[in-house]
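Okay, here's what each chain looks like letter by letter:
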Amino acid sequence: MKIHLPNSAFLGNIDPFLRSFGAGNPDFLEITANKKWISLHPVVLAMVAALGLTVKPENIFIEKLEAKSKHYLERIGLFKLLGLRSDIIITEHEPAGRFIPLTRIGSSEELSRFIVDMVPLLHLKPDQAEPIKYVVSELVRNVFEHSSSKAGAIICAQFYKKSNIIRIGIVDTGIGIKKSIGASYKISSDIEAIKLALTPGITGTTSRIGGTEFNAGAGLFFIKSIAKSAHDFFILYSGNAMYKLLTSASKPRLYIDPFRDRHSLNEELPYWQGTVVGIDISLGQKQEFSQLLDFVRDAYVKAISEQKKAKYKKAKFI
Amino acid sequence: MITIKLLPLVGSFAENKDIAKDVRLKQVVPALDGKKEVVLDFEGIDGATQSFIHALISDLVRKYDNGVLDKIYFKNCNKTVQKIINIVVDYIQEAG
C-alpha cells in the first residue's frame, strides 16, 4: 500500500489525496510526503494510522520527511501509535486547547473515558463541547457495533483557532458499509450502501424500519445534520465510494434523502477496506444544539412515517 | 414507584448504550413487571445521545405498547435531554 501526504488535504479538497492512495500489497505500507509543507485534516492522519496498524511496524517504510511542518506528525502521535521511532525532535507542549492526538479506541469503556478526557484537551465551553461529544460517541459506537474492526476505531481531532472549527476524523478498517448494511438490505454498490446508511431509520442490524432495541439507524443522519446546520463539510468513504456533504450558504433544510443535500459523489476511488468519516464543526454558530434537535425530530419522524408507508401493501381490486 | 438515578451509572454525558440496556433489563423491566412506576432521574446529566435513550426506552414501548409511557417519568432533564427523549418517544411510536 502507498500513501502520499500532500501539501494540503482538508475535506473540501480531499479528493486528489484519496485518488492517490495505493491499496495494493496489504502487507507493506509506504508513506511519502510533500517536501515543503504538509497541512492535513485529522481524517487523513487517522487513515494513515489505521492503515499502518494493519501492517507490522517493520513493514512500514516512511520516506525521510523534509517538510518544515513534519514535527506535527510526531506531536499528533502518528509514530507512537504505529510503534515506530522517528528522528524528529520536538519540544512537547501541553496539548490542551489544540488537538486530540491519534488515539485507538477499542471498547465501550475506553470510549466513555476518552469522552471525559477529550473535553479538557480541547478547552471547550460546555455548549461547544456538546455536539463534539455527541459526534464522537455516535461514530465510535458505530465502529464497535457495525464494523467488526479488530483494531477498533482510530480518532484524531484538531481545533483551528483562526476559523474557530473543530475537525474530526474517525476511521476503521472493518467490513465496510456495504457488507454491514448488506446484512439486512439488498444492495449492489458501495454508494447505494452509503445512501442507506445516511437515511434515517435504516440500520444494518435489521430490515425493520426504525431499527432494533439497540440500533435506531439514526446516528449518521444526526451527524450529517449537525454538519449541515452549521454549513460544514462531512464525508463518508467506504469501499470505492465517497459521499461528501458540501457547504452551502443558504438556510439549511434537513432532508431524509441524503442525495437531496448539496453533495458530491465519487464512486471510483481506491478501495478502502472499512469506513472513513470526516467532519468539520464550526463553534461560532448562533444556533444551539437543542434547536438543531427540533429540526432533527421533525425530519426523523417524517422519515419513519414515509418509509413505513412505502412498505404498505396496496389493495388489489379485480 | 422506584427511582433510578442515572448519574452514578453513566456520568454527566449519557452515551454508553451497554449501560442503558443494562438499566432497562435489570431495573426498569422488573419494576414494570412488578406493576411499579419508574422514575428515570437525569439530575447532573448535561447531555445524552439518541442512541443511549433509544437503548434505554425503545424496547419498552415495543414490549408493553405506548401505554408504558404513562408509567415512566423522566426527572431533572435539561432542555437538550428532553428534546432527545422526545425524538425517541415520537419515532418509536411512529415506527410501531
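Remember, it's a predicted structure, so these values are computed and weren't measured experimentally. (Residues numbered from 1 in each chain as written. Chains lettered and ligands numbered in written order. Predicted model: local features only at pLDDT ≥ 70, side-chain atom pairs only at ≥ 80, totals over all residues. Heavy atoms only, no water.)

(A) Focus on the overall build of chain A. What chain A contains, in helices and strands, is 10 helices and 12 strands. On C-alpha atoms alone, chain A measures out to a radius of gyration of 20 Å, which is about the 20 Å that the 2.2 N^0.38 rule sets for 318 residues. Considering only C-alpha atoms, chain A reaches an extent of 80 × 45 × 35 Å along its principal axes. Per-residue burial for chain A yields a buried fraction of 56% across its 318 residues. Accessible area for chain A stands at about 14,600 Å²; split by element, carbon and sulfur atoms hold 53% of it. Here chain A holds 42 positive side-chain charges and 31 negative ones, and the gap between their average locations is 5 Å. (Helix = DSSP H or I, 4+ residues; strand = E, 2+ residues; numbered from the N terminus. Rg over C-alpha atoms; globule rule 2.2 N^0.38 Å. Buried < 20%, exposed > 50% of the residue type's maximum accessible area, 1.4 Å probe, protein only. Areas by Shrake-Rupley, 256 points an atom, 1.4 Å probe, with all protein chains shown as cover. Lys, Arg positive; Asp, Glu negative; His and termini not counted. Charge placed at Lys NZ, Arg CZ, Asp CG, Glu CD.)

(B) Structural detail: the packing of helix α3 (residues 50–64) of chain B against helix α4 (residues 79–95) of chain B. Residues and elements named next belong to chain B. One can describe the packing of α3 onto α4 by two numbers: an axis separation of 9 Å at closest approach and a directional angle of 40°. If you check the angle between α3 and α4, you find them oblique. Taken as a pair, α3 and α4 cross one another with a handedness that is right-handed. Facing Gln-50, Ile-53, His-54, Ile-57, Ser-58 and Val-61 of α3, the residues of α4 in contact are Ile-84, Ile-85, Val-88, Val-89, Tyr-91 and Ile-92. (Axes fitted to C-alpha atoms, helices over the stretch in contact; angles between N-to-C directions. Parallel < 35°, antiparallel > 145°, perpendicular 65-115°, else oblique. Left-handed = near helix turned anticlockwise from the far one by under 90°. Contact = heavy atoms within 4.5 Å.)

(C) Summary view of the sheet that holds strand β6 (residues 99–105) of chain A. Residue and element names in this part refer to chain A. Judged by pairing direction, the sheet is antiparallel, and its seven strands sit side by side in the order β6-β7-β8-β12-β9-β10-β11 without closing on themselves. Strands at the two margins of the open sheet, each flanked by one partner only, are β6 and β11 (263–266). Adjacent strand axes in the sheet meet at a mean angle of 10° when their direction is disregarded. On the sheet, helix α5 (residues 108–122) packs against β6, β7 (153–160) and β8 (165–172) and is oriented at approximately 175° with respect to β6. Contacts between helix α6 (residues 126–147) and the sheet are confined to β6, β7, β8 and β12 (272–282), with β8 contributing the most and set at about 5° to the helix. (Pairing = 2+ DSSP bridges.)

(D) How the structure looks around helix α10 (residues 289–311) of chain A. Counted at 1.5 Å a residue, the expected span for α10 of chain A with its 23 residues is 33 Å, and the 33 Å between its end C-alpha atoms agrees. Taken as a whole, α10 of chain A has its buried residues at Phe-289, Ser-290, Leu-292, Leu-293, Val-296, Ala-299, Tyr-300, Val-301, Ala-303, Ile-304, Ser-305 and Gln-307 of chain A. Those residues of α10 of chain A that are buried lie in contact with α6 and α9 (219–229) of chain A together with α4 of chain B. (Expected span 1.5 Å × (residues − 1).)

(E) Fine view of the nonpolar core. By size, the foremost hydrophobic cluster in this structure holds 97 residues, and its most contacted members are Ile-168 and Phe-234 of chain A together with Leu-40 and Phe-42 of chain B. The element contributing the most residues to this core is α4 of chain B, with nine residues. Core analysis: the next-biggest nonpolar cluster, separate from the first, contains 45 residues, Ala-9, Phe-79, Phe-99 and Trp-272 of chain A among them. (Core = buried A, V, L, I, M, F, W, Y, C linked by side-chain atoms within 4.5 Å.)

(F) Focus on the environment of Ala-55 of chain B. Here Ala-55 of chain B shows up in helix α3. When the C-alpha positions of Ala-55 of chain B and Ala-95 of chain B are compared, they lie 15 Å apart, and in sequence the two are 40 residues distant. Setting aside residues up to four positions removed in sequence, Ala-55 of chain B forms contacts with Glu-213 and Phe-214 of chain A together with Lys-17, Ala-20, Lys-21 and Arg-24 of chain B.

(G) Looking closely at the interface of chain A and chain B. Contact residues are listed per partner, giving 36 residues for chain A and 29 residues for chain B. Both faces considered, chain A and chain B share a buried interface measuring about 2,800 Å² in area, 52% of it formed by carbon and sulfur atoms. When the area that chain A buries against chain B is broken down by residue, the three leading residues are Glu-213, Phe-214 and Arg-297 of chain A, summing to 24%. Taken together, the links from chain A to chain B amount to four salt bridges. Among the ionic pairs, Asp-90 of chain B bridges to Arg-297 of chain A, the shortest N-O distance being 2.6 Å. Taken together, the connections running from chain A to chain B amount to 12 residue pairs in polar contact (both at pLDDT 80 or more). For the side of chain A that touches chain B, the leading source of residues is α10 of chain A, giving 12 residues. Looking at the side of chain A that touches chain B residue by residue, the classes come out as 14 nonpolar, 11 polar and 11 charged. (Buried area = accessible area lost by both parts, 1.4 Å probe. Salt bridge = Lys/Arg side-chain N within 4 Å of Asp/Glu carboxyl O. Polar contact = N/O pair within 3.5 Å; in protein donor to acceptor, adjacent residues only side chain to side chain. Nonpolar A, V, L, I, M, F, W, Y, C, P; charged D, E, K, R; others polar.)

(H) Region of the structure containing the packing of α9 of chain A against α10 of chain A. Residues and elements named next belong to chain A. For the pair α9 and α10, the least separation of the axes is 10 Å and the interaxial angle reads 125°. Of the possible angle classes, the one that applies to α9 and α10 is oblique. In this structure, α9 meets α10 at a crossing whose hand is right-handed. Of the residues in α10, those touching α9 at Phe-221, Phe-222, Ser-225, Ile-226 and Ser-229 are Phe-289, Leu-292, Leu-293, Val-296, Ala-299 and Tyr-300.

(I) How the structure looks around unusual backbone geometry. All names here are of chain A. Positive phi is not limited to glycine here, since Asn-25 has a value of about 30°. Along the chain, the position of Asn-25 falls in the loop between α1 (15–20) and β3 (29–33). Even without a glycine there, the phi angle at Ser-148 is positive, about 55°. Position of Ser-148 relative to the elements: it lies in the loop between α6 and β7. Take Ser-148: its relative accessible area is 56%, and that puts it in the exposed class.

(J) Main features of helix α2 (residues 42–52) of chain A. Most of α2 of chain A is tucked away: 11 of the 11 residues are buried. All of the buried residues in α2 of chain A are Pro-42, Val-43, Val-44, Leu-45, Ala-46, Met-47, Val-48, Ala-49, Ala-50, Leu-51 and Gly-52 of chain A.

(K) Representation of the sheet that holds strand β1 (residues 2–5) of chain A. Residue and element names in this part refer to chain A. Here three strands make up an open sheet; going across it, the order is β1-β3-β5 and the pairing parallel. Strands with a single pairing partner mark the edges of an open sheet, and in this sheet they are β1 and β5 (60–62). When strand polarity is set aside, the average angle formed by the axes of neighbouring strands in this sheet is 15°. Sheet analysis places β3 next to β5, joined by three bridges and oriented parallel. Among the inter-strand pairings, Glu-30 is bridged to a residue of β5, identified as Phe-61.

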